[in-house]
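Observations on the model geometry
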Amino acid sequence: MVNMEESQRILERRKQFVPNAIGIFNPSTAVSAKGAMITDADGKEMIDFAGGIGVVNAGHCPEPVVKAIAEQASKMIHCSFNVASYDLYMQLAEKLASLFPHGEHTKVMLTNSGAESIENAIKIARQATGRQAVVCYSNAFHGRTMMAMTLTSKVGYKLGCGPFAPEVYRVPFPDYYRYGNGLTLDDFSDKHLLELENFFHTHVPAQEVAAIVIEPVQGEGGFNVVPKKYLQRLREVCTKYGIMLILDEVQSGFGRTGKWAAYQHYNVTPDISTWAKSMGSGMPIGAVIGRADIMDACKPSTIGGTYPGNPVCCAASLATIEYMEQININALGEKVGNIVRERFNAMKQQFNCIGDVRGLGAMMAFELVKNNDPFQPDAELCKKLISYCAGNRLIVISAGVNGNCIRVLSPLVIEESLLHKGLDIIEEGLRTLS
Ligand SMILES: Cc1ncc(COP(=O)(O)O)c(C=O)c1O
């Protein structure tokens, strides 16, 4: 029987037993989920535009994935890959290497999460180069473990957690919306690349930099897309100085931008890349992918762990990727992206509070500002819009260092009518609130 107060009760219990600091991005509750719908604790059906923070590109509980998990769980849940080798790990590594070749010979290390992928990518880059410094970007988000948090930009995510890891340097992200100042995108990229070369004279010598780490499309930072010329030239800069280019695809990978990797839009190949989220449909699994010579530069036992590449997670990931191939996840990403972009652009025409619409493929967001000024973020309106949507059965979350962007990370299998219904709710919310 449906109890109308169950959601409230769950939120109260959360307050009682769970630390307040664990973020509540949305006031909804959840009991079950399928496709692009979540059923809350009161039996209400909600359209899901958050996708578990970009984790369920292939939808909630795809049948082949559920089956693969159940079958593997009945055979072997865990033995630790360090203790006994099992082929599922190699099957997944081989699949990932074929989807994401990093040169002629690619090797893959499995992890449990995005942050763990980042931690290991840095350890690998340092060992491969014998250098210490790491360069990262403003507005970046790479996770909450200590090195990942150090690399993360938003101060609000780090309060009181220092001291942070040493030898980390931050350069400005090429943020065209705020700092484009009428330049063409190519000239803007050139300007930033010149500043980077200058940075090597004023902050840290290029010869001491092990890695530059960048998200091709910043996720938590507000869906800022790296300009094409910038990433292509950054690749050249890294090659010139022997710096490892690490591309963080944790949020942008697996069909989200209409390709398996967002970097495939740029015709660049990273030295190392990091993955997690949608590769396991919600099972905790991630990966570090890299050129074999780089991955093999690590000394024994400096990378690994008890759980990484757990058999059940490997089975879930293999089934997810196979299912994604069957349904052509990239075509779905492109289709969803086109619809959202068109609708967001139309909303921008109607509502002054939308300062920018941006993204790549189905990684789309709009930014809410006051007085049409990129430097006056309207986080208050963003919060109200999220609450309005939750009250109208749409789960949506924010992004941006100022928390003023509405982002869409819906499952890519979402039916077109449902996608429009969700977008109608956002539009109606903007009309009501602005
Ligand atoms: C680009 C990026 N890197 C790393 C992470 C950290 O991943 P996890 O939360 O799985 O540790 C995230 C999470 O949102 C992310 O978006």
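Each remark here, short or long, concerns the structure printed above.
The model shown is predicted, which means the values in this text are computed figures rather than measured ones.

Conventions used here
- Residues numbered from 1 in each chain as written.
- Predicted model: local features only at pLDDT ≥ 70, side-chain atom pairs only at ≥ 80, totals over all residues.
- Heavy atoms only, no water.
- Patch = residues over 30% accessible without salt bridge, like charges linked within 9 Å, V, L, I, M, F, W, Y side chains within 5 Å.
- Areas by Shrake-Rupley, 256 points an atom, 1.4 Å probe, with all protein chains shown as cover.
- Salt bridge = Lys/Arg side-chain N within 4 Å of Asp/Glu carboxyl O.
- Helix = DSSP H or I, 4+ residues; strand = E, 2+ residues; numbered from the N terminus.
- Near = heavy atom within 4 Å.
- Polar contact = N/O pair within 3.5 Å; in protein donor to acceptor, adjacent residues only side chain to side chain.
- Nonpolar A, V, L, I, M, F, W, Y, C, P; charged D, E, K, R; others polar.
- Phe/Tyr/Trp six-rings, centres within 6.5 Å; stacked < 30°, edge-to-face > 60°.
- Buried < 20%, exposed > 50% of the residue type's maximum accessible area, 1.4 Å probe, protein only.
- Core = buried A, V, L, I, M, F, W, Y, C linked by side-chain atoms within 4.5 Å.
- Contact = heavy atoms within 4.5 Å.
- Pairing = 2+ DSSP bridges.
- Axes fitted to C-alpha atoms, helices over the stretch in contact; angles between N-to-C directions.
- Expected span 1.5 Å × (residues − 1).
- Left-handed = near helix turned anticlockwise from the far one by under 90°.
- Parallel < 35°, antiparallel > 145°, perpendicular 65-115°, else oblique.

To continue, consider a nonpolar patch on the surface. Residues Phe17, Val18 and Ile22 make up a contiguous nonpolar surface patch of about 290 Å² in total accessible area. Counting through the fold element by element, Val18 comes out in the loop between α1 (6–17) and β1 (32–34).

Around the ligand sit Ser113, Gly114, Ala115, Phe141, His142, Gly143, Glu215, Glu220, Asp248, Val250, Gln251 and Lys277, and that is every residue in its neighbourhood. Taking Asp248, its side chain carries an N or O atom lying 2.7 Å from a nitrogen atom of the ligand. Measuring from an oxygen atom of the ligand, one finds a side-chain N or O atom of Gln251 at 2.8 Å. Summarising the interface, the protein chains cover 83% of the accessible area of the ligand, which totals 390 Å² for the free molecule. Looking at the shell around the ligand residue by residue, the classes come out as 3 nonpolar, 5 polar and 4 charged.

Bringing the packing of aromatic side chains into the picture now. A complete count under the given rule lists 15 aromatic pairs for this structure. Consider the rings of Tyr137 and Phe173, whose centres lie 6.3 Å apart with planes at 80°: the pair is edge-to-face. Of the two residues, Tyr137 is situated in strand β5 (residues 133–137) and Phe173 in the loop between β6 (168–171) and α7 (176–179); the sequence distance between them amounts to 36 residues. Both residues of the pair, Tyr137 and Phe173, count as buried. Here Phe254 and Trp275 contribute two aromatic rings whose centre-to-centre distance is 5.6 Å and whose plane-to-plane angle is 80°, an arrangement assigned as edge-to-face. In this pair, Phe254 sits in the loop between β8 (244–248) and β9 (272–275) while Trp275 sits in strand β9, placing the two residues 21 residues apart along the sequence. With respect to class, Phe254 is no different from Trp275; both count as buried.

A separate point is the nonpolar core. Judged by nonpolar contacts, the single largest core of 116 residues is most densely connected at Leu96 and Phe366. Examining the composition of this core, we find that 9 residues originate from one element, helix α11 (residues 311–327), more than from any other. Sequence-distant contacts of Phe366, that is, excluding residues within four places in its chain, are made with Phe344, Met347, Ile354, Asp356, Val357, Leu385, Asn404, Cys405, Ile406, Ile426 and Leu430. Val217, Leu360, Met363 and Leu409 belong to the second-largest nonpolar core, a separate cluster that totals 7 residues.

Take the sheet that holds strand β7 (residues 209–214) next. Where strands meet in a sheet, backbone hydrogen bonds hold them as pairs that are either parallel or antiparallel. Across the sheet, which stays open at both edges, the 7 strands sit in the order β4-β10-β9-β8-β7-β5-β6 with mixed pairing between neighbours. The open sheet terminates on both sides in strands that have one partner only, identified here as β4 (106–111) and β6. In this sheet, adjacent strand axes meet at a mean angle of 20° when their direction is disregarded. Inspection of the sheet shows β9 paired to strand β10 (residues 286–291) by 4 bridges, in the antiparallel sense. For Ile272, the partnering residue across the bridge sits in β10 and is Gly290.

With 17 residues, α11 should reach 24 Å at 1.5 Å per residue; the first-to-last C-alpha distance of 24 Å fits that figure. Judged by how many residues are buried, α11 sits mostly within the fold: 13 of 17 residues are covered. Regarding α11, its N-cap is Asn310, as a side-chain oxygen of that residue lies 2.8 Å from the backbone nitrogen of Val312 further along. With its phi angle positive at about 55°, Asn328 sits one or two positions after the end of α11.

Attention now moves to the packing of helix α4 (residues 87–99) against α11. Here α4 crosses α11 at 35°, and the two axes come no closer than 9 Å. Along this stretch, α4 crosses α11, giving a crossing that reads as left-handed. Residue-level inspection shows Leu88, Tyr89, Gln91, Leu92, Lys95, Leu96 and Leu99 of α4 in contact with α11, the latter providing Pro311, Cys314, Ala315, Ser317, Leu318, Ile321 and Glu325. When grouped by side-chain class, the residues that make up the contact of α4 with α11 number 10 nonpolar, 2 polar and 2 charged.

What follows covers the packing of helix α8 (residues 185–202) against helix α9 (residues 228–241). Where α8 contacts α9, the axes come no closer than 9 Å and their chain directions differ by 25°. Judged by the angle between their axes, α8 and α9 are roughly parallel. In this structure, α8 meets α9 at a crossing whose hand is right-handed. Only Lys229, Tyr230, Arg233, Leu234, Val237, Lys240 and Tyr241 of α9 make contact with α8, whose side of the interface consists of Asp186, Ser189, Asp190, His192, Leu193, Leu196, Glu197 and Phe200. A breakdown of the residues in the contact of α8 with α9 according to their chemical character gives 7 nonpolar, 2 polar and 6 charged.

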